[in-house]
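# Understanding the architecture of this molecule
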Amino acid sequence: MNEKNAKSNVNSLAIFNGHPKFKEKLHVGRPNIGDRVRLLNRINDILDRRWLTNNGIYLEEFEQRLCEQLGVKHCIVMCNGTVALEIAIRAADLKGEVILPSFTFIATAHALQWQEITPVFCDIDPQSHTINPWQIESLITPRTTGILAVHLWGNACDIESISKIARKHHLKLLFDAAHAFGCSYKGQMIGNFGDAEVFSFHATKFFNSFEGGAVATNNDELASKIRLMRNFGFSGYDQVDYIGTNGKMSEISAAMGLTGLESLESFIQLNRKNYNQYADELSDIKGLRLFSYKTSEKCNYQYVILEIDEELSGLSRDTLMSILWAENVLARRYFYPGSHRMEPYRSYFPHAGLLLGETEKLSQRILVLPTGASVTSPEISEICQVIRISLSNSREINQRLREKESKVSLVGS
Ligand SMILES: *Cc1c(COP(=O)(O)O)cnc(C)c1O
């Protein structure tokens, strides 16, 4: 090992005197790429055939493979997950108000607001990090037309309770399943629940088609409406039946998706191995919780989620993040500070936070660590070592950071 950047005590941390542990930056969500030769063969074939988009053979094959994989009747692939969400929302006839969690990627709320539907933010359950069904009912008004729940981190939300509420109040039910490709709920694959579920195959998701997304549904009527809306509403050469948009996926993206599907199990296995190593090496640190997945369900293990309780650990999430960044470990604060604190929602609903206590708390605590093909097992050990040194010396670290800051302000003044 390189002695210069060995991490053994506070002094060796790069945020103080040490050299960064890693020469190259380690990112969360570096893309997984399947078998390159198979991908390039497919791309060559696309170029030879000069069929680049609009229901090409690769798109049709990709949709069919996805249906088989998920055990669902229809899977309509799109140019990205956000447009897939927008089209699903429109096809399901949502309007007025829709209830969703604030603790999600901003696209969930934007997909509604973009169509002038009011997102009504609901709090989350602190254990599962998913929407709290018991608060949903209190947010229903005469203008509410649906619920848009999120399977955060690939962990299914409480589908059973949410479905009951939706049925009781005659609300449409959609799921943002952008994190949950390859995951199950009570033994059935995500993609089969509610009126429709929406996936993202963006490059940063563990399974990607460069950019891409899909709507999965078992509802024939909804599926054909979504297909029309994906392609400007065209039902024939000169016939338009609906208002539509352009949500089409290109052949090259479908080729990437098909190639990735062939490696899906190995992507998941690698994620699981990384996850288990993090879990082993971080298991006994006070004030730290690693988000755990239900072992009874299928899961893609694409996120390694740390929850830092500052009162117990003595170190804030943001301080730990600065320490890791100094080592070139680009850990991320998903989904900080919560959708309700971002524009335009912050201006529309300045007091939304009052009903979102758990969201406010959790968004101060979460740190996402690098996984997937971008980290090796020795690198994970090094990351865990930095975290261990940091949390077991929190008092000294806070003290030295305060000194550093006051020096800076003296120089400044
Ligand atoms: C990634 C993501 C989206 C958006 O998907 P894109 O394919 O990037 O448009 C929507 N919701 C959640 C929860 C996401 O993580």
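Check the entry above for the structure.
Overview of the structure. In this text, all values refer to a predicted model and were calculated from it rather than measured experimentally.

## Thoughts on the environment of Cys384
- Checked against the element boundaries, Cys384 lands in helix 14 (residues 377-392).
- Assessed through its relative accessible area of 1%, Cys384 is described here as buried.
- Sequence separation of Cys384 and Glu403 is 19 residues, and the distance between their C-alpha atoms is 26 Å.
- Not counting residues up to four positions away in its chain, the partners in contact with Cys384 are Tyr278, Glu281 and Leu282.

## As for the site of the ligand
- Neighbouring the ligand are 14 residues, the closest being Gly81, Thr82, Asp176, Ser200 and Lys205.
- Ser200 has a polar side-chain atom sitting 2.7 Å from an oxygen atom of the ligand.
- One of the side-chain nitrogen or oxygen atoms of Lys205 is found 2.9 Å away from an oxygen atom of the ligand.
- Protein coverage of the free-state accessible area of the ligand, which is 380 Å², stands at 93%.
- Under a 2 Å grid-point criterion requiring more than half of the atoms, the pocket assigned to the ligand is the largest pocket.

## Side note on the pattern of salt bridges
- For the coordinates displayed, the defined rule picks out 23 salt bridges.
- Between Glu262 and Arg38 there is a salt bridge, with its nearest N and O atoms 2.8 Å apart. Separated by 224 residues along the polypeptide, Glu262 in helix 8 (residues 251-262) and Arg38 in helix 1 (residues 36-49) bring together distant segments of the chain.
- Classification of Arg38 by relative accessible area gives partly exposed; the value is 40%.
- For the salt bridge of Asp318 with Arg333, the shortest nitrogen-to-oxygen distance reads 3.3 Å. One end of the pair, Asp318, is in helix 11 (residues 317-326); the other, Arg333, is in the loop between strand 15 (329-330) and helix 12 (345-348), with 15 residues separating them in the sequence.
- Under the relative-accessibility criterion, Asp318 is labelled partly exposed at 28%.
- Among the charged side chains, a network of salt bridges with common partners joins Arg289, Glu307, Asp309 and Arg365.

## Notes on the side chain of Lys248
- You can see Lys248 is positioned in the loop between strand 12 (239-240) and helix 8.
- Although Lys248 is buried, it makes no salt bridge; Glu251 carries the closest opposite charge, 11 Å away.
- Those residues in contact with Lys248, other than ones at most four positions away along the chain, are Thr53, Asn54, Met78, Cys79, Arg230, Asn231 and Phe232.

## Looking at the sheet that holds strand 3 (residues 97-101)
- The strand order 2-10-9-6-5-3-4 describes an open sheet built from seven strands, whose pairing is mixed. Each edge of the open sheet carries a strand with a single partner, namely strand 2 (74-78) and strand 4 (118-122). Along the sheet, successive strands turn relative to each other by an average axial angle of 25°, direction set aside.
- Examined bridge by bridge, strand 9 (residues 196-200) and strand 10 (residues 213-217) share four bridges and lie antiparallel to one another. Residue Phe199 lies in a different strand from strand 10, and its bridge partner there is Ala214.
- On the sheet, helix 3 (residues 81-91) packs against strand 2, strand 5 (144-150), strand 6 (172-176), strand 9 and strand 10 and is oriented at approximately 165° with respect to strand 9.
- Together, strand 2, strand 9 and strand 10 form the strand contacts of helix 7 (residues 220-230), whose direction differs from that of strand 2 by roughly 15°.

## Here's the deal with empty space enclosed by the protein
- Following the criterion strictly, the structure yields one cavity of 30 Å³ or more and no others.
- In this structure, the largest cavity spans a volume of roughly 140 Å³.
- For the largest cavity, the lining is made up of 17 residues, of which Gly29, Thr204, Phe206, Gln302 and Thr371 are closest to its centre.
- In terms of residue class, the lining of the largest cavity is made up of eight nonpolar, seven polar and two charged.
- For the lining of the largest cavity, the two domains that each supply at least three residues are domain 1 (36-262) and domain 2 (264-412).

## Digging into helix 8
- Along its 12 residues, helix 8 runs 17 Å from first to last C-alpha, staying within 8% of the 16 Å computed at 1.5 Å per residue.
- Among the structural elements, helix 1, helix 2 (57-70) and helix 9 (264-281) are those in contact with the buried residues of helix 8.

## Topic: the environment of Ile387
- Tracing the chain through its elements places Ile387 in helix 14.
- Taking relative accessible area as the criterion, Ile387 reaches 0% and is therefore assigned buried.
- In contact with Ile387, other than residues within four places in its own chain, are Leu282, Leu288, Leu306, Leu320, Leu324 and Leu369.

## What to know about the sheet that holds strand 13 (residues 288-290)
- Pairing is antiparallel across the open sheet formed by three strands, whose spatial order is 13-14-16. Every interior strand has two partners, whereas the edge strands, strand 13 and strand 16 (366-369), have only one. Each neighbouring strand pair of the sheet contributes to a mean axis angle of 25°, computed without reference to strand direction.
- As judged from the three bridges shared by strand 13 and strand 14 (residues 304-308), these two strands associate in the antiparallel manner. Following the sheet pairing, Arg289 is matched in strand 14 by Glu307.
- Lying over the sheet, helix 11 contacts strand 14 and strand 16, oriented at roughly 25° with respect to strand 16.

## Comments concerning the layout of surface pockets
- Its volume calculated, the largest pocket comes out at about 620 Å³.
- Lining the largest pocket are 33 residues, and of these Phe105, His179, Thr204, Lys205 and Phe335 sit closest to its centre.
- Taken together, the elements giving at least two residues each to the lining of the largest pocket come down to helix 3, helix 4 (107-113) and strand 9.
- Residues belonging to the lining of the largest pocket are distributed by class as follows: 15 nonpolar, 13 polar and five charged.
- In this structure, the second largest pocket spans a volume of roughly 340 Å³.
- What lines the second largest pocket is a set of 13 residues, among which Asn54, Asn55, Asn231, Phe234 and Lys248 lie closest to the centre.
- Counted by class, the lining of the second largest pocket contains five nonpolar, five polar and three charged residues.

What counts, and where the lines are drawn
- Throughout this document, residue positions are counted from 1 along each chain, in the order its sequence is written.
- Thresholds applied to this predicted model are a pLDDT of at least 70 for local features of residues and 80 or more for the giving and counting of side-chain atom pairs; totals over whole chains, interfaces and linings are not thresholded and use all residues.
- Side-chain descriptors were evaluated using all non-hydrogen atoms of the structure, hydrogens and water having been removed beforehand.
- Secondary structure elements are defined from DSSP: runs of H or I of at least 4 residues count as helices, runs of E of at least 2 residues count as strands, and each element is numbered from the N terminus.
- Residue burial is assigned from relative accessible area. The probe radius is 1.4 Å, only protein chains are included, and a residue is buried under 20% of its type maximum, exposed over 50%, and partly exposed in between.
- The contact definition used throughout considers only heavy atoms, calling two residues in contact when any of these lie within 4.5 Å.
- Proximity is defined per residue: any heavy atom of the residue falling within 4 Å of a molecule or strand makes that residue near it.
- The term polar contact refers here to a pair of N or O atoms within 3.5 Å; inside protein, the definition further demands a hydrogen-donor-capable atom paired with an acceptor-capable atom, and it admits residues adjacent in sequence only when both atoms are side-chain atoms.
- Per-residue and other accessible areas follow the Shrake-Rupley method at a 1.4 Å probe size, with only the shown protein chains counted as cover for residues.
- We place a 1 Å grid over just the protein atoms. Points where a 1.4 Å probe fits but has no way out form a cavity, open points with protein on both sides within 12 Å along at least 5 of 7 lines form a pocket, and any residue with an atom within 4 Å of a point lines it.
- Being in a pocket or cavity means that more than half of the molecule's atoms lie within 2 Å of its grid points.
- In the sections that follow, a salt bridge refers to a side-chain nitrogen of Lys or Arg positioned within 4 Å of a carboxyl oxygen of Asp or Glu.
- Note that His is not counted, nor are the chain ends; the positive residues are Lys and Arg, and the negative ones are Asp and Glu.
- Should DSSP find at least two bridges between two strands, the strands are taken to pair.
- Structural elements are reduced to axes, namely lines fitted to C-alpha atoms, with helices fitted over the stretch in contact, and the angle between N-to-C directions of any two is expressed from 0 to 180 degrees.
- Grid points are joined across faces, edges and corners, and a volume is the space filled by probe spheres set on the points.
- Here the nonpolar group is Ala, Val, Leu, Ile, Met, Phe, Trp, Tyr, Cys and Pro; Asp, Glu, Lys and Arg are the charged ones; every other residue, Gly included, is treated as polar.
- What fixes the domain bounds is an automatic or database domain assignment.
- To estimate how far a helix should reach, multiply one less than its number of residues by 1.5 Å.

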